[in-house]
Amino acid sequence: MLTALLSDIARCCIALLLLAASVGKLRSYGEFRGNLATSFGLPPAAAAWAAPALVAAELLLAGWLLAGGARLPMLLSLLLLSALTGVLAWRYFTHSVVRCSCFGEAARPVSQYDLLRNVLAVGINGSYCALAQDAALPVATTVLAAGLAAIACVAIISLHDIANLAKAG
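This write-up is about the structure you can find in this document.

Section: the overall build of the protein chain
Looking only at helices and strands, the protein chain has 7 helices and 0 strands in total. Reading the protein chain from its N terminus to its C terminus gives the helix and strand order α-α-α-α-α-α-α. Relative to the compact-globule value of 15 Å for 169 residues, the protein chain shows a C-alpha radius of gyration of 16 Å, a close match. If one aligns the C-alpha atoms of the protein chain with their principal axes, the spans along those axes are about 45 × 40 × 25 Å. When burial is assessed residue by residue, the protein chain has 40% of its 169 residues classed as buried. Distance between charge centres in the protein chain, computed from 10 positive and 7 negative side chains, equals 6 Å.

Here's the deal with the packing of helix H1 (residues 2-27) against helix H6 (residues 139-157)
Remark: H1 packs on H6, axes separated minimally by 8 Å, with the N-to-C direction vectors making an angle of 50°. By the angle between their directions, the pair H1 and H6 is classed as oblique. Of the two elements, H1 crosses H6, and the hand of that crossing is right-handed. Between H1 and H6, the residues in contact are Leu5, Asp8, Ile9, Arg11, Cys12, Cys13, Leu16, Leu17 and Ala20 and Thr141, Thr142, Ala145, Ala146, Leu148, Ala149, Ala150, Ala152, Cys153, Ile156 and Ile157, respectively. In terms of residue class, the contact of H1 with H6 is made up of 16 nonpolar, 2 polar and 2 charged.

Regarding a nonpolar patch on the surface
A cluster of nonpolar side chains, namely Leu19, Val23, Leu26, Leu59 and Leu66, defines an oily patch on the protein surface of about 380 Å² accessible area. Within the residue set of the nonpolar patch, elements represented by two or more residues are H1 and helix H3 (44-66). Ranked by residues supplied to the nonpolar patch, first place goes to H1 with 3 residues. In this structure, Leu59 sits in helix H3. Of the residues examined, Leu59 reaches a relative accessible area of 35% and is grouped as partly exposed.

What counts and how
- Along each chain, residues carry numbers from 1 onward, in the same order as the chain's sequence is written.
- Where totals are concerned, whole chains, interfaces and linings use all residues; where local detail is concerned, this predicted model gives features only for residues with pLDDT of at least 70, and gives and counts side-chain atom pairs only at 80 or more.
- Calculation of side-chain values draws on the structure's entire complement of heavy atoms; hydrogens and water are dropped beforehand.
- Only runs of H or I of at least four residues qualify as helices and only runs of E of at least two qualify as strands under DSSP, and these elements are numbered from the N terminus.
- We compute the radius of gyration from the C-alpha atoms alone; for a globule the expected value is 2.2 Å times N to the 0.38, where N is the number of residues.
- When a residue's accessible area, from a 1.4 Å probe over protein chains only, is under 20% of the maximum for its type it is buried; when over 50% it is exposed; and in between it is partly exposed.
- Charged-residue counts in this description rest on Lys and Arg as positive and Asp and Glu as negative, His and the chain ends being excluded.
- To locate a charge, the coordinates of NZ of Lys, CZ of Arg, CG of Asp or CD of Glu are taken.
- Angles here are taken between N-to-C directions and fall from 0 to 180 degrees, while the axes themselves are lines fitted to C-alpha atoms, restricted in helices to the stretch in contact.
- Note on angle classes: values under 35 degrees are labelled roughly parallel, values over 145 roughly antiparallel, values of 65 to 115 roughly perpendicular, and the remainder oblique.
- Should the near helix be turned anticlockwise from the far one by less than a right angle, the crossing is left-handed, and should it be turned clockwise, the crossing is right-handed.
- Whether two residues are in contact is decided by their heavy atoms: any pair within 4.5 Å suffices.
- Think of it as three bins: nonpolar holds Ala, Val, Leu, Ile, Met, Phe, Trp, Tyr, Cys and Pro, charged holds Asp, Glu, Lys and Arg, and polar takes everything else, Gly as well.
- A patch is a set of surface residues, each over 30% in relative accessible area and not in a salt bridge, joined within 9 Å for like charges and within 5 Å for the nonpolar side chains Val, Leu, Ile, Met, Phe, Trp and Tyr.
- The Shrake-Rupley method, run with a 1.4 Å probe sphere, supplies the accessible areas, and residue values consider only the shown protein chains as cover.
- Put simply, a salt bridge is a Lys or Arg side-chain nitrogen that is within 4 Å of an Asp or Glu carboxyl oxygen.

If you want it as structure tokens, here you go:
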């Protein structure tokens, strides 16, 4: 039962992270598309194609997971998040300033806490793939899992701000 609960928390957390990422990109869509060109070196024409494709992929996977999808959308999410994290880490370590607009923060450059956030998301996703249970949980347990996932999601998204507040205090 505990493994099934942890798997459901992981599934809900990844779904909420993908949903928040896509909404954040849509809120600052022009800056996001521009950051793909300036920070990631995509030609403007490629950025104009990649931006909606990435947002659509995140929305599709989030919806699929929230609708109850399990193994396949989590594997696809792991692939997407791993690729994005790898590219982000490579650009972070090879260029002085990188802006990704991952969750809508268009003007703020990527920090080591943003990389940690992405690694946590990949770790949660990978843990799901290792733990995934096919056992159906009662509705009340799924609601509990979604609530716990929402708390974890907010903490993960806010990791940069939480770390800076902790340093200042």
